[in-house]
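So the chains spell out like this:
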Amino acid sequence: MTSVPLVAARHLTVTGVVQGVGFRPFVHRLAGRLHLSGWVRNVAGTVEIRLEGEPHQLDAFERALHTEAPPVAQIDTVATVPVEAEGTNGFAIVESEDADTVRPVPPDVGICAACEAELFNSADRRFRHPFITCTDCGPRYTIIDRLPYDRERTSMKQFACCPQCAAEYAAPDDRRFHAETVACPNCGPRVWFEGADGGGRADGDTAILLAATALHMGAVVGVRGLGGFHLAVDATNDAAIRRLRARKQRDAKPLAVMVRTLADAQSLAHVSLHEARALQSSARPIVLLRPRADTRLAASLAPGLDRIGVMLAYTPLHHLLLEAADRPLVMTSGNLSEEPIAIGIDEGRTRLRPLVDAFLLHDREILSRCDDSVLRVAGDHEVLMRRARGYAPVPLRLPVTAPQPLIAVGPHLKNTFTLVRDDQAFMSPHIGDLEGLEGLDHWWQAYHRYRELFRVEPTVAVRDLHPGYLSTRLADDLGLPRTIAVQHHHAHIAAVMAEHGVTTPVVGLSFDGTGYGDDGTVWGGEVLMCDLAGYRRVGQLRYSALPGGDLAVREPWRAALGYEALAGGHLQAFALAYYGVPLSLRVGVQQQLERGVNSPMASSMGRLFDAAAAVLGVRRHASFEGQAAMELEALAGDQHAPPLPFPMSEANGRMQLDPVPLLTALGEGRQHGVDVSLLAARFHESIVEAAVDVARLVAGSFGLDTVVLGGGTFQNARLLTRIERRLRESRLHVLVPRALGPNDGAISYGQAAVAAWRMAHE
Ligand code: ZN
Ligand code: ZN
Ligand code: FE
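What you are looking at is a predicted structure, and each value in this text was computed from that prediction instead of being measured.

## Brief notes about the overall build of the protein chain
Each helix and strand in the protein chain was counted, giving 22 helices and 32 strands. Taken over C-alpha atoms, the radius of gyration comes to 27 Å for the protein chain, in line with the 27 Å a tight globule of 762 residues would show. Over its C-alpha atoms, taken along the principal directions, the protein chain stretches across nearly 90 × 65 × 55 Å. Each of the 762 residues in the protein chain was classed as buried or not, and the buried ones make up 61%. In the protein chain, of all internal contacts separated by at least 6 residues, the share reaching a separation of at least 24 is 72%.

## Quick look at the coordination of the zinc ion (ligand 1)
For the zinc ion (ligand 1), the full set of protein donor atoms is C112 (SG), C115 (SG), C134 (SG) and C137 (SG), and the range of their distances to it is 2.2 to 2.3 Å. Viewed at the metal, the four donor atoms of the zinc ion (ligand 1) are separated by angles of 103 to 121°, and the geometry they form is tetrahedral. The sequence pattern formed by the donor residues of the zinc ion (ligand 1) is C-x2-C-x18-C-x2-C. Pair noted here: C115 is in helix α3 (residues 113-119) and C134 is in the loop between α3 and α4 (163-170), with a separation of 19 residues, a long-range link. Of the residues examined, C115 reaches a relative accessible area of 0% and is grouped as buried.

## A few points about the sheet that holds strand β5 (residues 91-93)
Pairing is mixed across the open sheet formed by five strands, whose spatial order is β4-β1-β3-β2-β5. Strand pairing shows two members of the sheet lacking a second neighbour, β4 (74-83) and β5, which therefore form its edges. Each strand of the sheet is rotated relative to its neighbour by a mean of 15°, with strand direction disregarded. Direction of pairing for strand β1 (residues 8-17) relative to β4: antiparallel, over a ladder of nine bridges. Bridged to G16 within β4 is I75. Along the sheet face, helix α2 (residues 55-67) touches β1, β3 (46-53) and β4 and points at about 5° away from the line of β1.

## Quick notes on the domain arrangement of the protein chain
The extent of an interface is frequently quoted as the accessible surface area lost upon association of the parts. Taken domain by domain, the protein chain holds domain 1 (8-93), domain 2 (191-375), domain 3 (396-487) and domain 4 (511-737). One C-alpha centre belongs to domain 3, the other to domain 4; they are set 30 Å apart. Taken together, the contact pairs seven residues of domain 3 with six residues of domain 4. Buried area between domain 3 and domain 4, summed over both chains or domains, comes out near 580 Å², and the portion from carbon and sulfur atoms is 64%. Contact with domain 4 buries area across many residues of domain 3, yet L465, H466 and Q487 alone supply 61% of it, more than any other trio. Run the count over domain 3 and domain 4 and you get zero salt bridges. If you look at where domain 3 meets domain 4, you find one residue pair in polar contact (both at pLDDT 80 or more).

## Looking at the packing of helix α11 (residues 437-454) against helix α12 (residues 470-477)
Between α11 and α12, whose axes approach to 12 Å, the crossing angle comes to 40°. Looking at the two axes, α11 sits oblique to α12. For the crossing formed where α11 meets α12, the hand is right-handed. Residues L440, W443 and W444 of α11 touch α12, and the partners they reach there are L470, L474 and D477.

## Observations regarding the packing of helix α19 (residues 660-671) against helix α20 (residues 676-702)
Relative orientation of the contacting elements α19 and α20 amounts to 165°, with a least axis distance of 10 Å. Of the possible angle classes, the one that applies to α19 and α20 is roughly antiparallel. When you trace α19 past α20, the crossing you get is right-handed. From α19, L662, L666, G669 and R670 reach across to α20, where they touch V676, L679, F683 and S686. When its residues are assigned to classes, the contact of α19 with α20 shows five nonpolar, two polar and one charged.

## What to know about the environment of F454
By the secondary structure assignment, F454 is in helix α11. Residues F454 and F426 lie 28 residues apart in sequence; the distance between their C-alpha atoms is 8.1 Å.

## Concerning the packing of aromatic side chains
Evaluated as defined, the whole model comprises 15 aromatic pairs. Geometrically, the ring pair formed by F426 and F454 is stacked, given 4.2 Å between the ring centres and 20° between the ring planes. One end of the pair, F426, is in strand β21 (residues 424-427); the other, F454, is in helix α11, and 28 residues separate them in sequence. Under the relative-accessibility criterion, F454 is labelled buried at 1%. Between W443 and Y447, the ring centres sit 5.2 Å apart and the planes meet at 25°, which makes this aromatic pair stacked. Of this pair, W443 and Y447 are both found in helix α11, four residues apart, which corresponds to roughly one turn of the helix. For W443, a relative accessible area of 0% corresponds to the buried category.

## A short note on the coordination of the iron ion (ligand 3)
Distances from the iron ion (ligand 3) to its protein donors, namely H488 (NE2), H492 (NE2), D512 (OD) and D744 (OD), fall within the range 2.1 to 2.2 Å. Coordination geometry of the iron ion (ligand 3): the four donor atoms subtend angles of 88 to 169° at the metal centre, consistent with an arrangement described as irregular. Within one chain, the residues serving as donors to the iron ion (ligand 3) are arranged as H-x3-H-x19-D-x231-D. Of the two residues, H492 is situated in helix α13 (residues 488-499) and D744 in the loop between β32 (733-735) and α22 (747-760); the sequence distance between them amounts to 252 residues.

## Things to note about the environment of I286
Of note, I286 is situated in strand β12 (residues 286-291). Taking the C-alpha atoms as reference points, I286 and V7, separated by 279 residues in sequence, lie 50 Å from one another. If sequence neighbours within four positions are ignored, I286 has contacts with A256, G309, V310, M311, D372, S373, V374 and L375.

## Here we look at the pattern of salt bridges
Applying the stated criterion to the full structure yields 44 salt bridges. One salt bridge connects R128 with D205, and the closest N-O pair in it is separated by 2.9 Å. Residue R128 is found in the loop between α3 and α4, and its partner D205 is found in helix α5 (residues 204-216); the two are separated by 77 residues along the sequence. Judged by its relative accessible area of 39%, D205 is partly exposed. What you see here is one network of salt bridges that share partners, running through E347, R351, R369 and E438.

## Notes on unusual backbone geometry
Following A392, the chain continues into P393 via a peptide bond in cis, with omega recorded as 5°. Note that P393 resides in the loop between β17 (381-386) and β18 (396-397). Its identity as a non-glycine residue notwithstanding, Q249 has a phi of 55°, on the positive side. Tracing the sequence through the fold places Q249 in the loop between α6 (238-248) and β10 (257-259).

## As for the sheet that holds β21
Think of a sheet as strands paired side by side through backbone hydrogen bonds, with each pair either parallel or antiparallel. Pairing is mixed across the open sheet formed by six strands, whose spatial order is β18-β21-β20-β19-β22-β23. Both edges of this open sheet fall to β18 and β23 (482-486), since each of them pairs with a single strand only. Pairing analysis gives three bridges linking strand β19 (residues 406-408) to strand β20 (residues 418-421), with the strands arranged antiparallel. Pairing of I407 across the sheet is with L419, part of β20.

Parameters at a glance
- Residues numbered from 1 in each chain as written.
- Chains lettered and ligands numbered in written order.
- Predicted model: local features only at pLDDT ≥ 70, side-chain atom pairs only at ≥ 80, totals over all residues.
- Heavy atoms only, no water.
- Helix = DSSP H or I, 4+ residues; strand = E, 2+ residues; numbered from the N terminus.
- Rg over C-alpha atoms; globule rule 2.2 N^0.38 Å.
- Buried < 20%, exposed > 50% of the residue type's maximum accessible area, 1.4 Å probe, protein only.
- Contact = heavy atoms within 4.5 Å.
- Donors = N, O, S within 2.8 Å, 3.2 Å for Na, K, Ca; no water.
- Tetrahedral: all angles 85-135°; square planar, octahedral: opposite > 155°, others 65-115°.
- Pairing = 2+ DSSP bridges.
- Axes fitted to C-alpha atoms, helices over the stretch in contact; angles between N-to-C directions.
- Domains from an automatic or database assignment.
- Buried area = accessible area lost by both parts, 1.4 Å probe.
- Salt bridge = Lys/Arg side-chain N within 4 Å of Asp/Glu carboxyl O.
- Polar contact = N/O pair within 3.5 Å; in protein donor to acceptor, adjacent residues only side chain to side chain.
- Parallel < 35°, antiparallel > 145°, perpendicular 65-115°, else oblique.
- Left-handed = near helix turned anticlockwise from the far one by under 90°.
- Nonpolar A, V, L, I, M, F, W, Y, C, P; charged D, E, K, R; others polar.
- Phe/Tyr/Trp six-rings, centres within 6.5 Å; stacked < 30°, edge-to-face > 60°.

Written as structure tokens, this is what we have:
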């Protein structure tokens, strides 16, 4: 029998999201359990571990590192090197070394089950403490000032630990061992209630009770949360919701609801296993669910739609408020319309006073603004519609190393930006629209914060092709030595390619509302043959005029008018589109179109959905972009339907899909009394059929085997899953957005991928 050395030693380097997530305490506990000695420390974004002990215990350690890691940790790689045994004793957490390199900043983490149990346990010393956290949960990104992540570099620094909390922080077997956010009723932040005018202040439990009482009475309460303010109202009170909508100037856009438990969510909506997992994930996003027929929720939450956004309470404060209110609460971002959410106490008081009746406030500063994330489950995967809290600022990889650090400024609506250093892409949380000073201010604040946090000093700015966008001005204002412009629909496809690590040529179906085309027209229904360097536009929706330009987004009948003009005008099939539109207005717009005044040519898939909704008499005026498309999807449901004619022809060396026969068939069907939901389903199926045909044709003629789906239209779950399945059946590889959403939130990452690739290959 050969003898095994009694003691061996190893040095491990762990990369990924491994700092600020309770990783070192976990390693400490694990080493203790396996009788291993050594140390663990954070070094420049990685965790280094030195271990000494019996070889089989060392093996067990490496296995457990993966299987037992804290819920929020994401291990990318573990590099193991055998080292000389030194006969060490005990195990230590060695202090952070502040090296000058990029470090991952952990995202905010929803309250964990252990903390939730303590919160409602009257015997626990943190019973009803609104700021209970541990190494597994609590705020991170939104309270971090600088790195490395230690209490004195967060907004918890003003709350000096009491002796009991300090003892827990120092005790290796405690759940709060090295928890930077540890706090209790003696030493933690405070919560209070006050009227909109600042009067009637009450603290602690009374504050929560008063807020709940106000909500019962139909009041709008401004709640300072994790990444900013929410506006809360009783989600079962229709009048209260209407009041909130009027004050917030948000007349139809769906409002999200927060509940305390999964069971509460299930009482309001149908929740699949996958949706339950998403709801309960540590990111706690808003998940779009199908409401139950007997739901208690007010109808005005999401008028005309078949989905409501639901999230679970993600902070202890939310838990206490929901328990006291004992009903689902609307929790919508604390802002006016599309402005950025308020975060500071004084900012909240000033900006939200006209919107609220009262405030529920706390004194833990929010250093970074972060909206709630939104996703839906389509088929067997999650589609992110907004990537923010719980996801940002975890970096994404690029499939290419950028020779110089860069900043991709993103699109002008649904903006995010992406900072790149080497192959690390630090994408900002959702910023919103860059229209107006508030939006631009928010952009600059977030940009400076990111630059400092991740220590990236960009020398290259990346922007959209459009010369007039505010985002383009932003890129100029950065004053960097070099600027690179990237076409919008190319960026959509590049984002999905880069996310999947694909750099070879693909067929891209880039379907969305609008983006600036390289011929000066408005694009949005594009078939590209592309790689990361560039693209060739090999197919498109047939151009039609959009009389009024951007106005058409709010007035779907204008898109219908543009298509009708292609057929010579005055088609009986289009008649429903103008019902209720004053004749004088219609004639005026018609003349505008004929003279070509402010009537850009567009190939937009989003506007095609608008035109279809108008022709079907479903919607002629929209209060937000995409409303008509969402309603058509809701109407279509998952009913089976054959496609309608949507012919493809070749023009100027490019495939062209002609929507006129499709819209005509829809209008005629509707006027002959065909069920509108069946027609909505047939409309969807027509697009599926055409998309699959054109993708197969292009793939075949250029010898490509991969099709990439990108653009906001793919938030439509029916389109996404049907096109994906049909293409797979044709033996094509299909890449769909996963780590990022399909919409413009992904544009900055796509811009970054294209620019990095071009710079690396010049
Ligand atoms: Zn916890
Ligand atoms: Zn304490
Ligand atoms: Fe887009």
